[in-house]
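Geometric and topological summary
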Amino acid sequence: MKNLALQGEVRHVIPSWGNSRGAAAVSVVDNDVNLDIQLSHEHLNGDYPAVGGGCGDDDRSNQAPLSFVLTSEGNLLALDSNDQMVWIVDLEKVADDSNEESEDDHDNDDQDSTDSKPRSQWFYAASFLQEHSSNMMDGDGNAQCTGIDAVNGSCLYLTCLSHDGHVVSVSIDATNSIASKGGIVEEGSECIGTFENGLECGGWSPDGEVLALLTFASDDDDNDVLSNYEGPDAKVPILMTMNTQYEILSEVRLDPCLVPLHSNGADSIHPNAISICWRPDSSSLAVSTMDANVNNKPLRRIKTYNRTTLNILSLSKEEDGSGRDVPNLLPVAPVWAPAGCSHYVGAIQSSRPLDVKSARARPVSMQVAFMEPNGLRHRECKIQRTVAEKTDREEVMGIAFNLEGDLLAVTSRVSSGTPPEQYQYGKVQLYHRSNYQWYLKYELRYDGNKALTSRVVSAIKFSEEDPYNITVALTDYEGICEWRSYTFRWESSTVHDFSAGQETSTRSEDTELVAFVVDGSKLNFTPFGRAIIPPPMYAASVELPAPVVGMASNPCPPKMSEKRQPHSIIALSDGKLALLQFDIGGNNGVSLVPGFRPPIVTAVNPSNDNISDEKINSGTLLQGVSLRDVTIIAADDSSFTIIALGAHSGKSTGKVENCGKHHFQDYVFEMKISWTTQIGDVEGHVVSAAAMCVTSSLPLERPALRLVNWSDMAYSSGAHGGALLELTDGTLLEYSQGGVVTPCEAGPILEACPWIAGLYNVDSISASFTNGSNCRLGQDGSPKRLIIGLSSRYRLYCGERLVSSASSSFAISLQHKFLTHVTIGSRPELRFLPLSSLSDFDPLMGSDENMALDGYEPRNVERGARIVAIFQLKPSMIVQMPRGNIETLSPRALVLPYVMKKIQEEDFRTALDVMRRQRVDMNLIVDFDAPKFLEDGGAEQFIGQIEKIDNINLFLSSLIDVDTTLWKYPVPSWIRPERGNDNALNQQSKVNGVCKKIRQVMLDAEREGVISSGNIVKEGHFLLPILSTFAKETPPKLVEALCLIKDSVSQTTPKKSKRKSVLLSDHVQSSIQYLAFLADYELIFNTAIGMYDFDLAKAVARHSQMDPKVYLPLLKRWSELPDAIARYEVDVKLKRYESALRHLVASCEIENEQQSRKIYFTKCLQFIEEHNLHKLGLELFKNYETNHRAIMISLGERLLSERKCEEAIGIFLAVRCIDGAMRAARGCGNWRTFFALAQKEGTTIESDEITAFAELVSSKVCSMSERRENFASAASIQLDYGQSAAGAVSYFISGQWWTEGRRIAHLHNRIDLAKKVVDGAITYSRACIEDLGDRASTFEKTNERYSEVIVIRRDAIKESEEAGVNGIHHDDSASIFSTHSTASNASLRSNASGSSVGSVTSVSTVISVGRTSAFSFTGDVDSMKHKSKVSLFVRWRHHFAPISSQSPRESAHPITFFIQSSTKSAVRREKRRARRKGQLNGG
């Protein structure tokens, strides 16, 4: 799908010198070494001699030469950047001066004798770098004027070869030095040697290290070899190699071959010509010779030789395995393709021998045959014959590959006309291979105005740096030499959108995008909207008079159904313009796609020499101008206004005008093409005749790089009649109709971008498509430009901002409002950047904000993929892979906004279809705007538009209780602004709400018999979707679903059958099967039997995997049982125990006549206890007091077994069950209730039982405070019921009730018990004091170690600052406190806050505790951390326990006060609190 476009053209005309007529340029060498070197002005004075006859002393150049041109007569011309002559070296004179036999003649400088001597034919010149000698730097400033590369220590040399055998080396640096001093420039050259038998061919290897030459052996040496050959022209060629010092490395004799005859006036290649070519990696070379004796006849063969040893490696053979030589090879020099073409050797081959002379002979076809490195022929490239007349004779002159190997240049010479008026012109064809098919992508034709301006190609050469730059050397009929440098670029595709600017309702997806593919004079078409045809195939094609070199389509096409006028302009290589027109009726041509009619050529304007230019004051013509970037800027019913770029020689001032016509500059030509239309009488075709006139020509200060339409020209009226112009320095200009150029408001691009696109008003485009209509805008006051450019280094820019550092192609989609580009790298992606974010993008924002450059929903693609086209009416795009095949993608970035837009427009049919095919979660239909869908008629529209029941079911089955716009499909801001939570749907009930709404809409539609779209529906039409709504709800409403199925039986009115139930009919069975698809069969069966409808259960189980031997007897048994008993068994099976109890009670009441009340109640009580149905049982037996009391006692026993003793006490006391209440009181330790009930009933309790009960109360596991209370309760039991003072005092001591224990001891006059209490208190206080001392000692030691660590850290910080180490943050609190410390997390959280008090009162330190670290210090000044001190004084917060009675003596005792104010756990907490509140000593 790629097309080649001309990007730039630079023309150079060699100034005339002496007798320069008839000399052709055979080599053009660029001086890349001396680009920035100028000759010293102090040496370039009036003594500098004039060269030639074309330019005088005043016209000479004082700049260093930039280009070198070798003519066929042996003149080496040095030209500067303005094509002015710097110096000329006469190579013939250099060769003659080196000949010792004519040395006396040259001493007198007899130039006349040199001129009278026939000159040699020079054929080769190439440059290489060689180390310079020390004497090159001597003299007066030679290094400044010669351009010697002193850093690299090398000089530039040119090696020139002639067929007479001369090998001349020209030192560019020495020649520049001599020319700057006014000396004889030939002194800077040296004739390395002369071969007696001449040179046929030669050339430097690509690495510049080996020079290969081919000469002939002497006649004496040939006698033995040629003894078996009778022909007069056979000689033995010798192939040799030399190094940069011209020392012979190796040589080898080849097979005898025919010798060509060389003549300066020859127009064609001699049939016996010999040529060589090097492999790009310089490892081997190929030689093409006309071998004299191959099977007793001459035959041209190509042999490859090793670079080092010159051993033969391969010989050209056919690939069929027969061993035959490749026939009909022509004498055109072969070329070795680079690695991109598998290192093939390309050679010209004809379809039959050219020496066959027959009046009725078929035309000879040419092709480039490729030989693999092993010599076997493999495939070919057919050369297209693109001559204007059948009688024209075309001869191929040369071929060349570019650096990448994706372009093959074929040079030819065409002889046109009859002999009296016959003239010749040259052309260059550029071929490209894709999908094993060779396409002619571009043709440079130099026929001009017949013989007056026609030119012949003498040499071509691709640049060694830029693979798409080619230099073409030309010679006109007057013998004037020139060369032109062309720069090409690849266009990823040429696709025309016929729906641009039209209303959405009038568009057709089938004819939306049509791809144009150039193949010589044939233009191929593929309608992407109808079929994706893989290359090299195509849907249709049209034949044009000449090869296509450019095309432009109307950016604002009219409706195809209303207008019948041209839509495209095709530029041809002969300078003509053709008009194409679609949809003109009749059979336009053969098409592989049904319904697609290819366009036809309606008119071809005359050639450039007949173009009217009456409106141009300067009188500029387009003769010989290669138009590029042809663009349509305005169109009406009968004309196009187009603009194009072209290089033209306009008027100029200064020395350039006086020196010749070699100054060219880029112009912007504005032309108007008008046509007249009339109806033809053949199949109703429209026949048009066109005329063209140039309305303006505008010269540009700098060369132009690109000229394009505004991408939004179809939608912004301000863009009509204008275009975007980019210069080679990145400057952006806006062109307006009438030749007006103004600076672009978007500013320059940071880098020149050959691929560029611009939006005239990006804000208007965004507003236009947001409203859902394609209104043509132009009333906006201040349009905002947006320029996107892709540089030759594949950097993507948006104005002055770098969008991507590596992208292969990009495209702007106005409908989708995206900039789409393909990244290059290890993981290439398709990225979609919203135009709104690009227009508001700020390069000064942080990295978080610049995440927009990653794009919306990127997609991975194959490496090397390129964008071909993006459909504007559907969420798809065409991508071409590096192999040439094309693929249709529907990335999420296009699908999601497209679906959201359709949902917003309530086009649910299209949205659901796209979501189904692209596997998009259908919850988006509801989540995009839930209130609108449920309340504002969205559900009604949805049911009215979706005709297929399966699609409704698919939508319902995909519902989930999650808002997909919050996490899965966020709604972009350019589709819908962000909204608050007011419109949010409660996601907990989303599925149920949607199901209810959809079900209600469908039931109403069935009831009314019509839906919102007007279609009539029958009752039961939405049966399956309604079942889906029942099954999808949470919990599923299967009962309602089965009831609906039963109700639908009467609507279908099946035929009655005595042996078959209506529930077993096909309608019911299909409904049940669908319901089973949504829910489990077992669940549906259980639901059916839960309805106690055993016939329906049988119908459900019929298609399940249940065993009929199991469910049929079961259903039969239940059918025969009484209803209450059957339902009881069903409820038990379904574990519906409450319903089962109700039915059990009902069945027992029925059987009460035959059984006693006690028996059936026992059964009910057993069922109640088994399934814990006491509440329901109490409700059912509330009128039966005895039964009610039995259920209550059962409930109390159950609570007692579950250790809910407190609740059991209440239940037992409610029914006056004292025994149960006492057991419950004992179980929960409620000693007061236990003893109260015992006394009430008069029960005697033994002392052992009392002691055990007290022990039980005191041994409860609980908190410290509750445990003390338990000890007090146990002591009360011993006193009140056990009459044991000793036991009570023992419990008081265990519970640390010192005062109360001493009081009880004195109350009972037990001095021993009182002493026991005091001794226990003293022992406890001493233990507390000892523990406190140990902890204080440990804290002091830890504090000292911490102080030492602080000192060490401060010293380390000071040393690092003195050493100049910056950027290192020393956190003094790092790794000091561990999260796994002895303090628990709870204590840290509760006691870690406070303010420290110390010597440094100006700094307050806050201690905070987090989850990951114990705590950290933060303060106002970072350098003042850890300067607080920890005091050893601990502030105790005393916890006073309530004391019932206390004597003044006891309260004054310090030990007693301390014991009363803190327990052991309280002391530990206060210690930890003191650690965090204190000040650090020495900190």
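Residues numbered from 1 in each chain as written. Predicted model: local features only at pLDDT ≥ 70, side-chain atom pairs only at ≥ 80, totals over all residues. Heavy atoms only, no water.

1. Topic: the overall build of the protein
Broken down by element type, the protein carries 40 helices and 59 strands. Taking all 1483 residues of the protein together, the buried fraction comes to 51%. Restricting the contact set of the protein to residue pairs at least 6 apart, pairs at least 24 apart contribute 58%. Surface accessibility of the protein: about 71,500 Å² in total, with carbon and sulfur atoms responsible for 48%. (Helix = DSSP H or I, 4+ residues; strand = E, 2+ residues; numbered from the N terminus. Buried < 20%, exposed > 50% of the residue type's maximum accessible area, 1.4 Å probe, protein only. Contact = heavy atoms within 4.5 Å. Areas by Shrake-Rupley, 256 points an atom, 1.4 Å probe, with all protein chains shown as cover.)

2. Here we look at the environment of Leu1165
Within the secondary structure, Leu1165 sits in helix α26 (residues 1157-1171). Residue classification places Leu1165 among the buried residues on the basis of a relative accessible area of 17%. In this structure, the C-alpha to C-alpha distance between Leu1165 and Gly1177, residues 12 residues apart in sequence, is 8.0 Å. If near-sequence neighbours (up to four positions away) are discounted, Leu1165 is found in contact with Ile1191 and Ser1194.

3. Observations regarding the pairing of strand β16 (residues 275-278)
A two-sided burial pattern is seen for β16, the buried positions comprising Ser275 and Cys277 on one face and Ile276 and Trp278 on the other. Direction of pairing for β16 relative to strand β17 (residues 284-291): antiparallel, over a ladder of four bridges. What sits directly across from Cys277, in β17, is Ala286. In textbook terms, the turn of a hairpin is the stretch between consecutive antiparallel strands, and for β16 and β17 this stretch comprises five residues, one of which, Ser282, has a positive phi near 65°. (Pairing = 2+ DSSP bridges.)

4. Topic: the pattern of salt bridges
It is possible for side chains bearing opposite charge to pair when their charged atoms get close. Inspection of every chain in the model, using the stated rule, returns 49 salt bridges. Residues Asp291 and Arg301 are paired through a salt bridge, measuring 2.7 Å at the closest nitrogen-oxygen approach. Of this pair, Asp291 sits in strand β17 while Arg301 sits in strand β18 (residues 299-306), and the two are 10 residues apart along the sequence. A relative accessible area of 1% places Asp291 in the buried class. The exposure class of Arg301 is buried, given its relative accessible area of 12%. The partner of Lys932 in a salt bridge is Glu906, with the nearest N and O atoms 3.6 Å apart. Highlighted residues: Lys932 in helix α13 (residues 930-935) and Glu906 in the loop between α10 (892-904) and α11 (908-918), separated in sequence by 26 residues. (Salt bridge = Lys/Arg side-chain N within 4 Å of Asp/Glu carboxyl O.)

5. Considering helix α30 (residues 1218-1228)
Of the residues making up α30, those classed as buried are Ile1218, Gly1220, Ala1221, Met1222, Ala1224, Ala1225 and Cys1228. One or two positions beyond α30, positive phi appears at Gly1229, with a value near 75°.

6. As for the sheet that holds strand β35 (residues 548-553)
Within the open sheet, the four strands sit side by side as β35-β36-β37-β38. Their pairing is antiparallel. Unpaired on one side and paired on the other, β35 and β38 (600-604) mark the two borders of the sheet. When strand polarity is set aside, the average angle formed by the axes of neighbouring strands in this sheet is 30°. (Axes fitted to C-alpha atoms, helices over the stretch in contact; angles between N-to-C directions.)

7. Looking at the packing of aromatic side chains
Applying the stated rule across the entire model yields 29 aromatic pairs. Plain terms: the ring middles of Trp755 and Tyr794 are 6.4 Å apart, the flat faces sit at 20° to each other, and that makes the pair stacked. Taken together, the positions of Trp755 in strand β47 (residues 755-759) and Tyr794 in the loop between β48 (786-790) and β49 (796-798) put the pair 39 residues apart, joining distant regions of the chain. On the basis of relative accessible area, Trp755 is assigned to the buried category, the value being 16%. Ring geometry for Phe1085 and Tyr1111: centres 6.5 Å apart, planes at 65°, overall edge-to-face. Linking Phe1085 in helix α21 (residues 1081-1090) with Tyr1111 in helix α23 (residues 1108-1120), this pair joins segments that are 26 residues apart in sequence. Judged by its relative accessible area of 8%, Tyr1111 is buried. (Phe/Tyr/Trp six-rings, centres within 6.5 Å; stacked < 30°, edge-to-face > 60°.)

8. Some remarks on a nonpolar patch on the surface
On the surface, a cluster of nonpolar side chains totalling about 410 Å² of accessible area is made up of Ile960, Val962, Leu966 and Trp967. Along the chain, Leu966 turns up in helix α16 (residues 964-967). (Patch = residues over 30% accessible without salt bridge, like charges linked within 9 Å, V, L, I, M, F, W, Y side chains within 5 Å.)

9. Considering the nonpolar core
Ranked by size, the top nonpolar core spans 93 residues in total, and within it Phe933, Phe942, Phe955 and Phe1022 carry the most contacts. If you tally residues by element for this core, the top one is α10, at eight residues. Discounting residues that sit within four places of it in the chain, Phe933 has contacts with Phe908, Ile925, Val926, Gly938, Ala939, Phe942, Phe955, Val994 and Ile998. Within the second largest apolar cluster, 66 residues are counted, among which are Ile1191, Phe1234, Phe1253 and Val1257. (Core = buried A, V, L, I, M, F, W, Y, C linked by side-chain atoms within 4.5 Å.)

10. A look at unusual backbone geometry
With an omega dihedral of 10°, the bond running from Pro535 to Pro536 counts as a cis peptide bond. Topologically, Pro536 is positioned in the loop between β33 (522-527) and β34 (540-543). In this chain, Thr1034 is followed by Pro1035 through a cis amide linkage whose omega measures -5°. Positive phi is not limited to glycine here, since Asn296 has a value of about 65°. Among the structural elements, Asn296 can be located in the loop between β17 and β18. Looking at Asn296, the relative accessible area reads 74%, which means it is exposed. Backbone geometry places Leu310, a non-glycine residue, at a positive phi of 60°. Turning to its location among the elements, Leu310 is positioned in the loop between β18 and β19 (312-315).

11. Here's the deal with the environment of Val625
Note on placement: Val625 falls in the loop between β38 and β39 (628-635). For Val625 and Ala647, which are 22 residues apart along the polypeptide, the C-alpha to C-alpha distance reads 6.3 Å.

12. Some points on the side chain of Ser415
Examined against the element boundaries, Ser415 turns out to sit in strand β25 (residues 408-416). There is a polar contact of 3.4 Å between the side chain of Ser415 and the side chain of Gln424. (Polar contact = N/O pair within 3.5 Å; in protein donor to acceptor, adjacent residues only side chain to side chain.)

13. Considering the confidence of the model for the protein
Overall, the predicted model of the protein reaches an average pLDDT of 77, with 74% of residues at or above 70. Low pLDDT (under 50) marks residues 651-661, which in the prediction has 15 contacts with non-local residues, meaning those over four places away or in another chain. Counting contacts from residues 681-685, a segment whose pLDDT is below 50, to residues more than four positions away or on other chains yields 13 contacts. (pLDDT = per-residue confidence, 0-100.)

14. Considering a negative patch on the surface
A cluster of like negative charges, contributed by Asp1355, Glu1359, Glu1361 and Glu1362, occupies part of the molecular surface. Mapped onto the secondary structure, Glu1361 falls in helix α36 (residues 1311-1362). Judged by relative accessible area, which is 57%, Glu1361 ranks as exposed. (Lys, Arg positive; Asp, Glu negative; His and termini not counted. Charge placed at Lys NZ, Arg CZ, Asp CG, Glu CD.)

15. Observations regarding the pairing of strand β45 (residues 732-736)
Within β45, four of the five residues are buried, leaving the element largely enclosed by the surrounding structure. Relative to β45, strand β44 (residues 722-727) is paired through five bridges, and the arrangement is antiparallel. Counterpart to Leu724 in the pairing with β45 is Glu734. With antiparallel pairing between neighbouring strands as the criterion, β44 and β45 make up a hairpin whose turn holds four residues, including Gly730 at a positive phi of roughly 90°.

16. Examining the sheet that holds strand β5 (residues 85-90)
Spatially, β2-β3-β4-β5 is the arrangement adopted by the four strands of the open sheet, whose pairing is antiparallel. Looking along the sheet, the strands with just one partner apiece sit at the ends: β2 (25-30) and β5. Neighbour-to-neighbour, the strand axes of the sheet open up by a mean angle of 20°, direction not taken into account. Both strand β4 (residues 75-79) and β5 contribute to a ladder of five bridges, which runs antiparallel. When the sheet's bridge partners are listed, Leu76 is paired in β5 with Val89. Its contacts with the sheet place helix α5 (residues 172-181) against β3 (67-71) and β5, and it is angled at close to 115° to β5.

17. Let's talk about the side chain of His432
Looking at where His432 falls in the secondary structure, it is placed in strand β26 (residues 423-434). Here the side chain of His432 touches Asp406 through a polar contact of 2.8 Å, landing on its backbone oxygen.

18. Brief notes about the packing of helix α14 (residues 938-945) against helix α17 (residues 990-1008)
Contact pair α14 / α17: the axes reach a minimum separation of 10 Å and the direction vectors enclose 60°. Considering the angle they form, α14 stands oblique to α17. Handedness of the crossing formed by α14 with α17: right-handed. Every residue of α17 that contacts α14 at Ala939, Glu940, Phe942 and Ile943 is listed here: Lys997, Ile998, Val1001 and Met1002. In terms of residue class, the contact of α14 with α17 is built from six nonpolar, no polar and two charged. (Parallel < 35°, antiparallel > 145°, perpendicular 65-115°, else oblique. Left-handed = near helix turned anticlockwise from the far one by under 90°. Nonpolar A, V, L, I, M, F, W, Y, C, P; charged D, E, K, R; others polar.)

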